[in-house]
Amino acid sequence: MFNIDNNDTITAIATPLGVGAIAVIRISGQLSFQIIDFIFKPKIKNRKSRRIYLGYIYSKNTLIDKVLINIFKSPNSYTGEDIIEISCHGSIYIQNKILDLIINNGARLATRGEFTFRAFKNGKLDLYQVESLLELFHSENELDHNLALNNFRGKVSIIIKKIRKKILTLNTILEFCIDFSEEDINKKHLLAFKKLLLNLITKIKDLINSFKLGLFFKKGIAIAIIGKPNVGKSTLFNFLLKSDRSIVSNKSGTTINYIEENLYIDGIKYRLIDNAGIKKNTLNKLELKGIKKTIENIKKSDIIMYITNNINTKYLHLQKYYKYFFKKEIIFIINKCDLLKKKIKIQSSPILISAKYGIGINYLLNKLKTLSERFIKNNNKTIITNVRHYEELKKALFKLNKIKDHLQIGIEPEILSLLLKEANYSLEKIIGTITNEEILVNIFDRFCIGK
Ligand SMILES: Nc1nc2c(ncn2[C@@H]2O[C@H](COP(=O)(O)OP(=O)(O)OP(=O)(O)O)[C@@H](O)[C@H]2O)c(=O)[nH]1
Ligand SMILES: [Mg+2]
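For clarity, every value in this text was computed on a predicted model and none was experimentally measured. (Residues numbered from 1 in each chain as written. Chains lettered and ligands numbered in written order. Predicted model: local features only at pLDDT ≥ 70, side-chain atom pairs only at ≥ 80, totals over all residues. Heavy atoms only, no water.)

Asker: Explain the coordination of the magnesium ion (ligand 2) to me, please; I cannot follow it from the model alone.
Answerer: Six octahedrally arranged donors around a metal ideally form angles of 90 or 180 degrees; four tetrahedrally arranged donors ideally form angles of 109.5 degrees. The magnesium ion (ligand 2) binds to the protein through Ser-234 (OG) and Thr-255 (OG1); the donor distances cover 2.0 Å. One end of the pair, Ser-234, is in helix α8 (residues 233-241); the other, Thr-255, is in the loop between α8 and β9 (259-265), and 21 residues separate them in sequence. A relative accessible area of 8% places Ser-234 in the buried class. (Donors = N, O, S within 2.8 Å, 3.2 Å for Na, K, Ca; no water. Helix = DSSP H or I, 4+ residues; strand = E, 2+ residues; numbered from the N terminus. Buried < 20%, exposed > 50% of the residue type's maximum accessible area, 1.4 Å probe, protein only.)

Take a look at the structure:
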């Protein structure tokens, strides 16, 4: 980890290591322009910020590469410092040669996330945005990406800053009360205090509740495919994944242990789980173990796809059972419709499909979409996705609720003021106004060198 108070000029290759069409090398700090003057020709006379210059990198008199350099003058840069970005040809030799030159002229190699740390230190990003940036790097689907991008752009930070402002207002009311005796405290003040407090509690509760929604985006909506053996569970699993991931055979009990895979439909992430068939009255130990795992998966899932081959199955009864006993959404599916003797109209529930021939799958996907929207509705809402933020918000809420309880007894400004400070402290830890080295190391170490 870097020294927090360090002001060295830092450098790193910002693109992935290896041969590429081009590579980008970054320099940030006070010596950036001095270093580029040493190694880049022609010399730039009137440096302009956010301008690209074409020229050559030299090591003494030896030409290394023809490059483009991009200049960002402090404070209008990613780190808030003077930044140079050199786009060179992507050979490993050229990249390393230029990096060596920069280091020999006064910069040092940056550590993981050090550029972003400087952005944080110089007030360009708050800690919430920094953590959202990490999530942006790791986003796997459209929704995940939108969420991380919104948060990186400061959506949640703005809300938290507003909440903190309101806490300060509460504190001002309290300070006013400290100067007066209890009898003199104006009822109006007390009412204003209560109103603002309740408003804050609701806002923090909303953020806390959004965490569950955030988990759906990140972890995906879990779907357990279940039913009796041999009904075509694995065939459907494979069809949806467009791969032969699960073994299919006409032998009953083919799937012994469950298989889980990620599936993306319309930008929504699902975790599809193919389970062992549920068999009544079996004494086979292996089958019993498989069934036990299936039940565990049912409990862990958000949606159940129940498959049967029998058009006379009493699905309403089953639907009630899963909905009320397990409290799960259920999609009831009759598979192998291609084998049905008489023609049956494909309908919305139960859904008739042929997993083997891909018949009726669109009906199934539509149904899935409708159910999923129940989980991920309000997707325009601000959503928090980070456990650390969730925990701090819960702590802040706890303190504010304590204040609410205290108000029942009467107003004791000193105690309330202390509780407000503690709530504020948690919020400051989220955006990084107050932080400790352990948290910083934990966060910035997850970045790569060059970011
Ligand atoms: N005709 C027809 N056969 C199907 C269809 N879906 C699956 N099958 C066949 O049914 C048999 C069982 O399919 P699986 O997908 O292995 O069934 P399963 O429910 O996973 O079975 P277990 O893992 O044993 O519980 C295989 O021979 C499949 O080819 C379908 O839509 N139409
Ligand atoms: Mg199977």
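Asker: Please clarify how the sheet that holds strand β11 (residues 303-308) should be interpreted in this entry.
Answerer: In a beta sheet, neighbouring strands are held together by backbone hydrogen bonds and run either parallel or antiparallel to one another. Taken in spatial order, the 6 strands make up an open sheet running β9-β10-β8-β11-β12-β13, and their pairing is mixed. Two strands in the sheet have a free side with no partner beyond their single neighbour: β9 and β13 (351-352). Along the sheet face, α8 touches β8 (221-227), β9, β10 (268-274), β11 and β12 (329-334) and points at about 155° away from the line of β10. (Pairing = 2+ DSSP bridges. Contact = heavy atoms within 4.5 Å. Axes fitted to C-alpha atoms, helices over the stretch in contact; angles between N-to-C directions.)

Asker: For this particular structure, what's the right way to read the sheet that holds strand β5 (residues 62-72)?
Answerer: Judged by pairing direction, the sheet is mixed, and its 7 strands sit side by side in the order β3-β4-β5-β6-β2-β1-β7 without closing on themselves. The open sheet has two edge strands, β3 (40-41) and β7 (108-109), and neither has a second partner. Note that strand β1 (residues 10-13) and β7 share 2 bridges and pair parallel. Considered in β7, the bridge of Ile-10 is made with Arg-108. Together, β2 (20-28), β3, β4 (51-59), β5 and β6 (83-90) form the strand contacts of helix α1 (residues 32-39), whose direction differs from that of β6 by roughly 40°.

Asker: I tried to follow the side chain of Thr-308 on my own but got confused; where do I start?
Answerer: Structurally, Thr-308 is set in strand β11. By relative accessible area, which is 7% here, Thr-308 ends up buried. A polar atom in the side chain of Thr-308 sits 2.9 Å from the backbone nitrogen of Asn-310. When sequence neighbours within four positions are dropped, the list of residues in contact with Thr-308 reads Val-231, Thr-313, Phe-332, Ile-333, Ile-334 and Asn-335. (Polar contact = N/O pair within 3.5 Å; in protein donor to acceptor, adjacent residues only side chain to side chain.)

Asker: Explain the environment of Asp-274 here, please?
Answerer: By secondary structure assignment, the location of Asp-274 is in strand β10. Along the primary structure Asp-274 and Met-305 are separated by 31 residues, whereas in three dimensions their C-alpha atoms are 9.9 Å apart. Beyond its immediate sequence surroundings of up to four residues, Asp-274 is in contact with Ile-225, Lys-233, Ser-234, Phe-237, Ser-246, Thr-255, Tyr-258 and Ile-259. Among the polar contacts made by the side chain of Asp-274, one reaches the side chain of Ser-234 at a distance of 2.6 Å.

Asker: So what exactly am I meant to see when it comes to a positive patch on the surface here?
Answerer: A surface patch of like charges, here positive, comprises Lys-285, Lys-289, Lys-292, Lys-293 and Lys-300. For Lys-300, the position within the fold is in helix α9 (residues 285-300). (Patch = residues over 30% accessible without salt bridge, like charges linked within 9 Å, V, L, I, M, F, W, Y side chains within 5 Å. Areas by Shrake-Rupley, 256 points an atom, 1.4 Å probe, with all protein chains shown as cover. Salt bridge = Lys/Arg side-chain N within 4 Å of Asp/Glu carboxyl O. Lys, Arg positive; Asp, Glu negative; His and termini not counted. Charge placed at Lys NZ, Arg CZ, Asp CG, Glu CD.)

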